[in-house]
Amino acid sequence: MTAKITMEDMEELKEAFGKIDLDSSGYINDGELQKLLKEANLSIPGYRVREIIQKLDRNHDNMISFEEFVAIFQEVKNKEIAKTFRKAINKKEGILAIGGTSELSSVGTQHSYSEEERFAFVNWINTALEKDADCAHVLPMDPNTESLFTTLGDGIVLCKMINLSVPDTIDERAINKKKLTAFTTQENLNLALNSASAIGCHVVNIGALDLKAGKPHLVLGLLWQIIKIGLFADIELSRNEALAALLKDGETLEDLMKLSPEELLLRWANFHLENAGWQKINNFSSDIKDSRAYFHLLNQISPKGTEEDEPRIDINMAGFSEGDDKRRAEAMLQQADRLGCRQFVTPSDVVSGNPKLNLAFVANLFNKYPALVKPENQDIDWGRLEGETREERTFRNWMNSLGVNPHVNHLYSDLQDAIVIFQLYEKIKVPVEWNKVNQPPYPKMGSIMKKLENCNYAVNLGKSAKFSLVGIGGEDLFDGNATLTLALVWQLMRRYTLNVLENLGDGQKATDNTIVSWIKKMLQEAGKTSTISSFKDKEISTSVVVVDLIDAIQPGSINYDLVKTGSLSEEEKLDNAKYAVSMARKIGARVYALPEDLVEVKPKMVMTVFACLMGRGMKKV
């Protein structure tokens, strides 16, 4: 009996076939296969390649068609050749290939991953969590093996890494830490995934079973998002006012606030390189390969011993003159190590210009030694410098978790051309006529008009979707009017949340009353005494009704010894709310709201919490 191949399998087979079919002829011949094997550093003689071709070729035309390729994978008759094939497809220097978990997918599904990333992330995790007793059973990991992919399988390390990037995202009391079973492990992974989504990670195509199986490309992709969020957290003007030192002539704080963390890092590096009398760089890939810019950067940011508790660290520049790129990179990293910053890159990563790992290396340098001084006595309107509100952060994280492109770093400036808003409309099934949309890059002359046209179209789409947009025009989005922009974004998020419920309820329209009625029914049937009358109900501030609903959805999930009742202080209410939000995510509800939203009974965010729980309850899983 042959295995059935799904549409998804077929697409993956096409991808694998395309990687082998180097000339896009639609066939694989011995020359193509031998070339691929040679690139993979597998020295197999020509006669052996021809033997493989003969064994795989069903109609003996010395060519392998896609249909023959599919038949081979479908039947999986010769495991030895399948193994050779799998290695040949993707085993290139620094890149490893891993198949799926079933026998069929292990041969046909190919996903590449970076060995360098694995090495870097393992070392970062080992250092970050070396003193965490909860991780002692799996740490330290060996960066030279694939232990990372099994280590993350119980969810504990992932939860810890999320809390390192965004402190207090996960209530530690919600993490299952002892006597783990398949079920409690899956709970941890659900908690990690839903919490990662809440801090802005794109996890749409990642499930708990994928992480449990240790699928490398998914694990590394998620880890990079988590690590990057942590590295970039303080590369933000409202959190580090000294970044104002990077202002150029004629710029305002608003101009600087519009820059992405990557752009700020580049400007920061060039600020120090200029002070060193060295040429500027345009990227963290090709422009840093010779390590010379890094030498100057380290020399500029190294503590000069100006304070009593700050030791003087003189950077040894002798390696700057080393003739060999790799040895020069090693000498540079030895100096970075003296600053406690030899993370993420090896000499090979520097010389090859690995953009992701070099970006992480520079971000870590900035976080440890920004070496900037807040400008004084300058005409800077510091009153305009306001941090992100909780509501703004929640909306921004929600957008990013859906995988919008470009990534939203600053809510208002990044929505200025409405491109992200159009993508959100599509998420809620409001059709966008993309031929009406002006796409970046915009011309220098007329860019404002192009963006305004987009914003006007975005408002019109909202009206067609029956959003309440009275008094809101395209210019409000373009100008970044906070109140009016948030009014539109909230309605997008609300519609997205309600659509999930409608899909689960076979198209039945969901309203606030629908959700409240469902909550009351669930609580009553579970014998709970708590209830709510609306999303403004002050009883919500204790979060008792939330934990009761969670326990009603998944009986026995709540440890009531941890839930405080009676007349509660604000601190006790927050303690309950933290536990409630984490437990909601743990049972599978993708909650974006923050604990403070429950304590303060913010009706909009409260509605999303209960709607997500209703969605989880309707799934009956």
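Attention here is on the structure that accompanies the text. (Residues numbered from 1 in each chain as written. Predicted model: local features only at pLDDT ≥ 70, side-chain atom pairs only at ≥ 80, totals over all residues. Heavy atoms only, no water.)

1. Let's talk about the environment of Leu247
For clarity, the threshold we go by: The helix and strand labels rest on DSSP assignments: H or I over at least four residues marks a helix, E over at least two residues marks a strand, and numbering proceeds from the N terminus. Throughout, a contact is declared for two residues whenever any of their heavy atoms are within 4.5 Å.
If you trace the backbone, Leu247 turns up in the loop between helix H12 (216-232) and helix H13 (253-257). For the pair Leu247 and Pro375, spaced 128 residues apart in sequence, the C-alpha separation works out to 9.5 Å. Those residues within four positions of Leu247 in sequence are excluded, and the remaining contacts are Thr252, Leu253, Leu256, Arg267 and Ile380.

2. Let's talk about the environment of Leu189
On the secondary structure map, Leu189 appears in helix H10 (residues 182-198). Setting aside anything within four residues of it in sequence, one finds Leu189 in contact with Leu152, Gly153, Asp154, Gly155, Leu158, Ala208, Leu211 and Lys212.

3. What about unusual backbone geometry?
The following threshold applies: Whether a residue is buried, partly exposed or exposed follows from its accessible area with a 1.4 Å probe, protein chains only, as a fraction of its type maximum: under 20%, in between, or over 50%, in that order.
A cis amide bond, omega 0 degrees, links Leu139 with the succeeding residue Pro140. Locating Pro140 in the fold gives a position in the loop between helix H7 (115-128) and helix H8 (147-151). With an omega of 10 degrees, the peptide bond between Asn405 and Pro406 qualifies as cis. Phi is positive for Ser291, close to 70 degrees, though the residue is something other than glycine. Along the polypeptide, Ser291 turns up in the loop between helix H14 (261-275) and helix H15 (292-301). What makes Ser291 buried here is its relative accessible area of 0%. Of note in the backbone geometry, Ser543 takes a positive phi value of approximately 65 degrees without being a glycine.

4. Side note on the side chain of Ser165
Under the convention used in this document: The definition of a polar contact used here is a pair of N or O atoms within 3.5 Å, where within protein one atom must be able to donate a hydrogen and the other to accept one, and adjacent residues in sequence count solely through side-chain atom pairs.
With respect to the helices and strands, the residue Ser165 is situated in helix H9 (residues 156-165). There is a polar contact of 2.5 Å between the side chain of Ser165 and the backbone oxygen of Ile226. Residues in contact with Ser165, not counting those within four places in the same chain, are Ile226, Ile227 and Gly230.

5. What about the nonpolar core?
Note the following rule: Residue types Ala, Val, Leu, Ile, Met, Phe, Trp, Tyr and Cys, when buried and joined through side-chain atoms within 4.5 Å, form a set referred to as a nonpolar core.
If you look at the biggest cluster of nonpolar residues, it comprises 175 residues, and the most contacted ones within it are Trp268, Tyr425 and Phe610. Broken down by element, this core gets its largest block of residues, 10 residues, from H12. The contact partners of Tyr425, leaving out residues within four places of it in the chain, are Val430, Val432, Ala458, Leu461, Gly462, Phe467, Leu488 and Leu492.

6. Focus on the packing of helix H20 (residues 419-427) against helix H21 (residues 447-464)
Short version of the rule: In this analysis an axis means a line fitted to C-alpha atoms, helices contributing only their contacting stretch, and an angle means the value between N-to-C directions, from 0 to 180 degrees. To sort the angles, those under 35 degrees are grouped as roughly parallel, those over 145 as roughly antiparallel, those from 65 to 115 as roughly perpendicular, and the leftovers as oblique. A crossing counts as left-handed when the near helix is turned anticlockwise from the far one by less than a right angle, and as right-handed when that turn is clockwise.
Remark: H20 packs on H21, axes separated minimally by 9 Å, with the N-to-C direction vectors making an angle of 25 degrees. If you check the angle between H20 and H21, you find them roughly parallel. The two elements H20 and H21 meet at a crossing, and its hand is left-handed. Note on element contacts: H21 touches H20 through Asn454, Tyr457, Ala458, Leu461 and Gly462, opposite Ile419, Ile421, Phe422 and Tyr425.

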